[in-house]
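Structural description and commentary
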Amino acid sequence: MSEALVATQAPGTDTPVPGASGARSFWRRLRAQRAALVAAVVVALLVLVALFAPLLTALEGQDPTTYHPSLIDSARGGVPVGSFGGMSAHHWLGVEPQTGRDLFARLVYGARVSLGVALAATVVQVVIGITIGVASALGSRWVDQFLSRVTDIIVAMPLMIMSLALLAIVPSSFPRPVLVTLVIGLIAWGNIAKIVRAQTLTLKGLDYVSAARLSGWGTWRIARRELLPGLAAPVITYAALLVPINISVEAALSFLGVGVKPPTPSWGQMLTAADVWYQAAPQYLLFPAGALFVTVLALTVLGDGVRTALDPRAASRLRVGAGRRRGAGTGSGKGADA
Amino acid sequence: MRQSSVIARRLAAASVGLVVAAGAAACGPKGNDAKGAGGDSTPHKGGTLTVLNSVPQEDFDPARLYTSGGGNVPSLVFRTLTTRNRENGAAGAKVVPDLATDTGRPSENATVWTYTLKKGLKYEDGTPITSADIKYGIERSFAPELSGGAPYLRDWLSGAADYQGPYKDKKGLAAIGTPDERTIVFHLNKPEGEFPYLATQTQFTPVPKAKDTGTKYEEHPVSSGPYKVVENQNDGERLVLERNTHWSEDDQRKAYPDKIDVRSGLDSSVINQRLSASQGADAAAVTTDTNLGPAELAKVTGDKELASRVGTGHFGYTNYIAFNPKVKPFDNAKVRQAVSYAIDRSSVVNAAGGSALAEPATTFLPDQKSFGYTPYDLFPAGRTGDAAKAKELLKEAGHPNGLTVTLTHSNSKDFETSPEIATAIQDALKKAGIRVKLQGLEDNDYRDKIHNVKTEPGFFLAHWGADWPSGGPFLAPIFDGRQIVKDGSNFNNGLLNDPSVNTEIDAINKLTDLDAAAERWGALDRKIGEQALTVPLFHPVYKRLYGKDVKNIVISDWTGVLDISQVAVK
């Protein structure tokens, strides 16, 4: 009964609610944005690379931790032997200075850390954000006041400084990737909580929610059955934009030496080791930097595409691919479920 | 830290000393690329020498400086009773007279040392330098507010252990006598044949009592050397030195330039970039604290002109793995030996910057004659490690399936105790079935841990540098059982308290024939090496760029770095 209620009540509100037909039109609108599509393909490829890192390196015949002293010139500070940083059929992207470890293997294994930590941290942020946001909107005045102030404090906290402080005090025996995930996740959930609270307050005043309440449903059941579906669109949108931010933060933390521990490769860690080599072995810096750039860009474009597809009336912040969205119905703002 | 124990000061001093060594010790040619660049290599007087540094000369007070042999810029202003011989290579590891007429006359079994000052010595204002001024200079280094120097004076001078400096205790130190204006006599609590080395330290600089301004003295220390301070901005960030006209020429300092302009607070990459470009005033520039890193070396070696402007030096310094035999499984000597056999020194050397910046070490003592270097390789690992032999030893030790251990290291980016070195060791030991977990600590945390007997890990990276080029200050703090500090900074990592070692240290300290002493230090090093309490990894090599117009590069084995008192720019 409630499903039907949602489907019939949602039109006419400000909130696009993805029901069955919503999902279909969402995909249609997403597919119509060429930039978002390209970004989605890139992201899918990156995820595949991360998932199949052992397979890819096996294909190359290398692994990310073995030293190859014969491939570096010890007398010249350990610069890779050969042109382009020692690129060859055996070492597709060359080798790392001073160790001779395979750069391709380190890069693809580094993708696991970057993407894994970023995605997991986003999940933590979303879960905390929804919980706090909904509790705040549905709770008593005091609960709302308290949770909102806590959220304000979290939003005001400088992410990098707090992460550095937290990572510095936790004993180094704690598994590092999990720790980095938790730290990022636990510090940067404030904005999601705020968005969820505002959205919940809007939904709470709608007729179908009032109807549910009048029919005697408890708060928990209302939240689960009536409110959460309505929160999906803004949360997915914001989460899509959080992933690239989290990737950058993980890279920055590893760059500063508090991220994952060696010999586990991560892009940020590679960057920190490579920064002094920009003249003598430029590819050592360019590959991880390029990978980070492409990943963050693709995720941002994809996030923006998702946002456009979910809420056509909200104009794209980046206007990425806006010119090619003619058929997407963005301008009209009259999607199937709106 | 200032008022804490001798050992805490020693730690502070050692860390400063290492900074000085790493920063200021970048030249000591074993090979001789010591000729100036350019056609006319004869040095002439005149011109301005620019010094590009990263660390400001904050403590420009002779009481507070911890130096390995008189320092670099400070040695232009401060003369001492003795000094290091300003020559290239091994000849530069000798101690020679400076203010004194000789390197000291020992008596009473080397517990009393007597010095006579040269005639006609004057300060920058023309007033004469007296033996009482040297005594006063030493006394003020005991004042808690002027801490920072090496701990030897407090340890060695009779009845000086609790002396609080001349500001609190006007009576002064009874252990130092000044029978007349040119004579000074030191009374020690035990025989110390190496006292002439100690007398090179800046604490032996004369300080005129009437001009002493306490902690403010560093703003304008009164010069006894070839230059005087005419400008000191931002606590030593910018220093301008000009000729001291009252300097009575000494045999050691050449003092070619008319003016020295020290600019600090620069990033090390900026310093190396400016020296390689060598434009304008930078053509007459040197650095006394910035070495070439591996990546910069890769660039420099590819360029003949740049390569000709690199000074190479060897400072007495050893990077090693330390074991704490109180922690399992390192209580078993066979496990320690297995690690020694498994180590791959070529990958460690690469991690430290390659064969041009590090030389593999199998002895704890640096490979220099003045230290008494006696070659030995008790657990031969070859270039890349002997995994088979290591496995065999592990089996004998009751670990037939290998074992898992934790290696503690610092997270600082110094290519010494840093993650790169630790990872290279991890990779090498893997082949011998030793699985290494890395415990990287923030640098201060790391230092606190490894120098506290209560928290000392079982297996960690460490390094030690020489206070002067001899086996004494290299071996005694690390292996003398009486120097184990229970509640403070301990440097005896292996907690070794072997009566035969302690007795031999005492016996060598009695020798005033430094060559004979060196030989005995070398033999002692080998003997201690048998216990496998350390795995020597490498001795660093310092390489530094200098500007196009710089001539007369002298790099001694004492400091391993270009001697600023010898440099000419004309």
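Residues numbered from 1 in each chain as written. Chains lettered and ligands numbered in written order. Predicted model: local features only at pLDDT ≥ 70, side-chain atom pairs only at ≥ 80, totals over all residues.

Turning to the overall build of chain A, a few remarks are in order. Looking only at helices and strands, one finds 13 helices and two strands in chain A. Split into buried and exposed, the 338 residues of chain A put 46% on the buried side. Long-range pairs, those at least 24 residues apart, make up 71% of the contacts in chain A between residues at least 6 apart in sequence. (Helix = DSSP H or I, 4+ residues; strand = E, 2+ residues; numbered from the N terminus. Buried ≥ 20, exposed ≤ 12 C-beta atoms within 10 Å, placed from the backbone. Contact = placed C-beta atoms within 7 Å.)

Residue and element names in this part refer to chain A. Position of Q279 among the secondary structure elements: in the loop between α12 (267–274) and α13 (282–310). For Q279, a count of 14 C-beta atoms within 10 Å corresponds to the partly exposed category. As a C-alpha pair, Q279 and A39 span 240 residues in sequence and 31 Å in three-dimensional space.

Our next topic: the confidence of the model for chain A. Reading predicted coordinates in detail is not appropriate for stretches of low pLDDT. All names here are of chain A. With 85% of its residues at a pLDDT of 70 or more, chain A shows a mean pLDDT of 81. Contacts from residues 1–20, a stretch scored under 50 in pLDDT, to residues over four places away or in other chains number 35 contacts. Of the regions scoring below 50 in pLDDT, residues 315–338 engages in 43 contacts with residues more than four places distant in sequence or in other chains. (pLDDT = per-residue confidence, 0-100.)

What follows is about the confidence of the model for chain B. Looking at chain B, pLDDT values average 89 and 92% of them are 70 or higher. Within the model, the stretch residues 1–38 of chain B combines pLDDT values under 50 with 117 contacts to residues more than four positions away or in other chains.

All names here are of chain B. Here strand β12 (residues 310–313) shows no split at all, with V310 and T312 on one side and G311 and G313 on the other all buried. Strand direction decides the pairing type here: β12 and strand β19 (residues 542–545), joined by four bridges, are antiparallel. Note that in β19 the partner of G313 across the bridge is Y542. (Pairing = 2+ DSSP bridges.)

Moving on: the nonpolar core. Grouped together as the largest cluster of nonpolar side chains are 222 residues, with contacts concentrated most on A342(B) and I425(B). For this core, the element with the highest residue contribution is helix α5 (residues 103–138) of chain A, accounting for 16 residues. Discounting residues that sit within four places of it in the chain, A342(B) has contacts with A381(B), G385(B), A387(B), A390(B), A428(B), L429(B), K431(B), A432(B) and I434(B). (Core = buried A, V, L, I, M, F, W, Y, C linked by C-beta atoms within 7 Å.)

A word on the interface of chain A and chain B. Counting residues at the interface gives 22 residues for chain A, matched by 28 residues for chain B. For the side of chain A that touches chain B, a count of residues per class yields eleven nonpolar, nine polar and two charged. (Nonpolar A, V, L, I, M, F, W, Y, C, P; charged D, E, K, R; others polar.)

Time to look at the sheet that holds strand β10 (residues 259–263) of chain B. Pairing is mixed across the open sheet formed by five strands, whose spatial order is β8-β9-β10-β1-β11 (chain B). Edge positions in the open sheet fall to β8 (227–233) and β11 (285–286) of chain B, since each of these has one partner strand only.

Residues and elements named next belong to chain B. Only one face of strand β7 (residues 183–187) is covered, namely the one carrying I184 and F186; the face carrying T183, V185 and H187 has none of its residues buried. Relative to β7, strand β5 (residues 112–116) is paired through five bridges, and the arrangement is antiparallel. When the bridges of β7 are listed, W113 appears paired with F186. Across three bridges, strand β6 (residues 176–180) lies against β7 in antiparallel orientation. Paired with D180 across the bridge in β7 is T183. Counted between consecutive antiparallel strands, the loop separating β6 from β7 contains two residues.

A cis amide bond links K328(B) with the next residue in sequence, P329(B), at an omega value of 0°. Along the chain, the position of P329(B) falls in the loop between β13 (317–323) and α8 (333–342). The backbone of F84(A) shows a phi angle near 50°, a positive value even though the residue is not glycine. Tracing the backbone shows F84(A) in the loop between β2 (79–80) and α5.

The relative placement of two packed helices comes down to the angle between their axes together with the axis-to-axis distance. Residues and elements named next belong to chain A. Following both chains from N to C, one finds α5 and helix α8 (residues 176–187) inclined at 40°, their axes separated by 8 Å at the closest point. Taken together, α5 and α8 sit at an angle that is classed as oblique. Pair α5 / α8 crosses with right-handed handedness. Across the interface between the two elements, V113, G116, V117, A120, A121, V124 and Q125 from α5 touch P177, V180, T181, L182, I184, G185 and L186 from α8. In terms of residue class, the contact of α5 with α8 is built from ten nonpolar, four polar and no charged. (Axes fitted to C-alpha atoms, helices over the stretch in contact; angles between N-to-C directions. Parallel < 35°, antiparallel > 145°, perpendicular 65-115°, else oblique. Left-handed = near helix turned anticlockwise from the far one by under 90°.)

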